[in-house]
Amino acid sequence: MQISIIIPVYNSENTIERCIKSVQKQSYQNFETIIINDGSKDDSLNAIQKLIKNEEQFSVINQPNQGVSTARNKGLERATGKFITFLDSDDEMAEEYLAELIADYLSKADTDLVCQGIIKIFSNKRIVVAQEKSRCFKANDYRGLFKDAKISLKGNPVSKLFKSEIISQYNLRFKTDITYNEDKIFVLEYIYNCKGQILFSSISNYKYYINSGSLSHSILRPDDYWRPYQYFKNLLKNKFQINYKSLDFEIIYDNFKKYLHMYVNAVLVHESNNIKDYFVRFNKEDWEIYKYISVYKSSSLRRIFDFLFLREKVIILRLFSKMYLKRKFK
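Residues numbered from 1 in each chain as written. Predicted model: local features only at pLDDT ≥ 70, side-chain atom pairs only at ≥ 80, totals over all residues. Heavy atoms only, no water.

Participant: With reference to specific residues and values, describe the overall build of the protein.
Facilitator: Across its full length, the protein carries 12 helices and 10 strands. Here the protein holds 330 residues, and 49% of them are scored as buried. By element, 50% of the accessible surface of the protein is carried by carbon and sulfur atoms, the whole surface being about 17,000 Å². (Helix = DSSP H or I, 4+ residues; strand = E, 2+ residues; numbered from the N terminus. Buried < 20%, exposed > 50% of the residue type's maximum accessible area, 1.4 Å probe, protein only. Areas by Shrake-Rupley, 256 points an atom, 1.4 Å probe, with all protein chains shown as cover.)

Right under this line is the structure:
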């Protein structure tokens, strides 16, 4: 059973060697690797070509920079394997990674998705093993997947084994108009179209390197959070039938708090002069959700008060700064 490994690459000259070598060392050798060089400006492409020279299992697609979603989609178009797995260019696989994914797939009849744990490696060399609990859920057990397995908090496509048949049948692709959590939306749309079992395995063979200066640790522009929030809200409400007015508070809290809190933070950081403009887009449902995530697991309305008074704090600070500078340079 052939596995297609998709690796998007952008300016990864310092990490691509360990990434590719970890693929070459796999004990399970029935695979193809599709590397998409997404317009790297460093020496990534030359490094890749040297590493895979004369290796038939590897191919390279070279394209102008269009973002990780477009790169992954290009890999999906080229893939010929029965299964798909994703690898980021700054990460690596343990030697048994592919073998264990296949073993997990074969361990349970009617498996449509295998989800394993990851080994988090931080820039300060600290290592944390994020291990899954071994169990299975029917693909339509939305409450179990969201509340018990917390699948939406594990939206990264790595450390998973997807079936190419499902991706092709439903024409599943990564969203190219968003840059935040586009991978989570892909994973959830895949699960929505599954008919069999979603298998979680206690095995952790994927080495995930975390750089504190990466995009995921920066505050983006407000719309970078608003667009995925709208995608995600519609996905949960219209497809997974998660009702924010029901007793699914924990599901709502886990899945919306980051989007809306980051959106609020981004507005205050980047658009403090135009706060009103960014909140007129909140409809009644958005305000209800924000209210739930602000007070859930909290005995106070601190977050709401912080939100209401922060603009006044910013205005006072600006007035103070102007007065101070005017007096200093008078």
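Participant: Quick one: what's the story with the pattern of salt bridges, residue by residue and with numbers?
Facilitator: This model, assessed by the stated rule, comprises 10 salt bridges. The residue Lys233 makes a salt bridge to Glu285 at a minimum N-O spacing of 3.4 Å. With a gap of 52 residues between them, Lys233 in helix α8 (residues 222-239) and Glu285 in helix α11 (residues 284-295) connect regions that are remote in the sequence. Its relative accessible area of 4% is what places Lys233 among the buried residues. (Salt bridge = Lys/Arg side-chain N within 4 Å of Asp/Glu carboxyl O.)

Participant: Go over the environment of Asn73 with me, naming the residues and quoting the values.
Facilitator: Mapped onto the elements of the fold, Asn73 is located in helix α3 (residues 68-78). The class for Asn73 is buried, based on a relative accessible area of 9%. Considering only alpha carbons, one finds Asn73 and Leu172, 99 residues apart in sequence, at a separation of 9.0 Å. In this structure, Asn73 is in contact with Arg173, Phe174 and Thr176, ignoring residues within four places of it in sequence. (Contact = heavy atoms within 4.5 Å.)

Participant: I'd like a description of the packing of helix α1 (residues 16-24) against helix α2 (residues 44-51), backed by residues and values.
Facilitator: Two elements in contact, α1 and α2, have axes separated by 10 Å at closest approach and are oriented at 25°. Judged by the inter-axis angle, α1 sits roughly parallel to α2. Between α1 and α2 lies a crossing of right-handed hand. Residue-level contacts link Ile16, Glu17, Ile20, Lys21 and Gln24 of α1 to Ala47, Ile48 and Leu51 of α2. For the contact of α1 with α2, the class distribution of residues is 5 nonpolar, 1 polar and 2 charged. (Axes fitted to C-alpha atoms, helices over the stretch in contact; angles between N-to-C directions. Parallel < 35°, antiparallel > 145°, perpendicular 65-115°, else oblique. Left-handed = near helix turned anticlockwise from the far one by under 90°. Nonpolar A, V, L, I, M, F, W, Y, C, P; charged D, E, K, R; others polar.)

Participant: Could you give me a rundown of the packing of aromatic side chains, with the residues and numbers involved?
Facilitator: Enumeration over the complete set of coordinates arrives at 24 aromatic pairs. Considering the side-chain rings of Tyr192 and Phe240, the 5.7 Å spacing of their centres and the 75° angle between planes classify their relative orientation as edge-to-face. Taken together, the residues span a long stretch of sequence, with Tyr192 in helix α7 (residues 182-192) and Phe240 in the loop between α8 and α9 (249-270) at a distance of 48 residues. A relative accessible area of 30% places Tyr192 in the partly exposed class. Residue Phe240 is classed as buried on the basis of its relative accessible area of 2%. On the basis of an interplanar angle of 50° and a centroid distance of 5.3 Å, the ring pair of Trp226 and Tyr229 is categorised as tilted. (Phe/Tyr/Trp six-rings, centres within 6.5 Å; stacked < 30°, edge-to-face > 60°.)

Participant: Quick one: what's the story with helix α4 (residues 97-106), residue by residue and with numbers?
Facilitator: Residues Tyr97, Leu98, Leu101, Ile102, Asp104 and Tyr105 constitute the buried set of α4. Taken around the axis of α4, the buried residues stretch over an arc of 160°, which confines them to a single face. (Arc of directions from axis to C-beta.)

Participant: Can you lay out the nonpolar core for me, pointing to particular residues and giving the numbers?
Facilitator: Ile3, Ile5, Phe86, Phe162, Phe186 and Ile198 are the most contacted members of the largest nonpolar core, which has 89 residues in total. Considering every element that reaches this core, the biggest residue donor is α9, with 12 residues. Apart from the residues lying within four places of it in its own chain, the contact partners of Ile5 are Val23, Phe31, Glu32, Thr33, Ile34, Thr85, Leu87, Met93 and Leu98. (Core = buried A, V, L, I, M, F, W, Y, C linked by side-chain atoms within 4.5 Å.)

Participant: Tell me about the confidence of the model for the protein, residues and numbers included.
Facilitator: Regions with low pLDDT carry predicted coordinates that are not meant to be interpreted in detail. In the predicted model, the protein carries a mean pLDDT of 86, and 85% of its residues have values of at least 70. Between residues 299-330, whose pLDDT stays under 50, and residues either more than four places distant or in other chains, the model counts 17 contacts. (pLDDT = per-residue confidence, 0-100.)

Participant: Residue-level account of the packing of α7 against α8, with values.
Facilitator: At their nearest, the axes of α7 and α8 sit 11 Å apart, and the two run at 15° to each other. Here α7 lies roughly parallel to α8, going by the angle between them. The handedness of the crossing between α7 and α8 comes out as left-handed. For the pair α7 and α8, contact is made by Lys184, Ile185, Leu188, Glu189 and Tyr192 and by Pro228, Tyr231, Phe232, Leu235, Leu236 and Lys239, respectively. Residue classes in the contact of α7 with α8 are distributed as 8 nonpolar, no polar and 3 charged.

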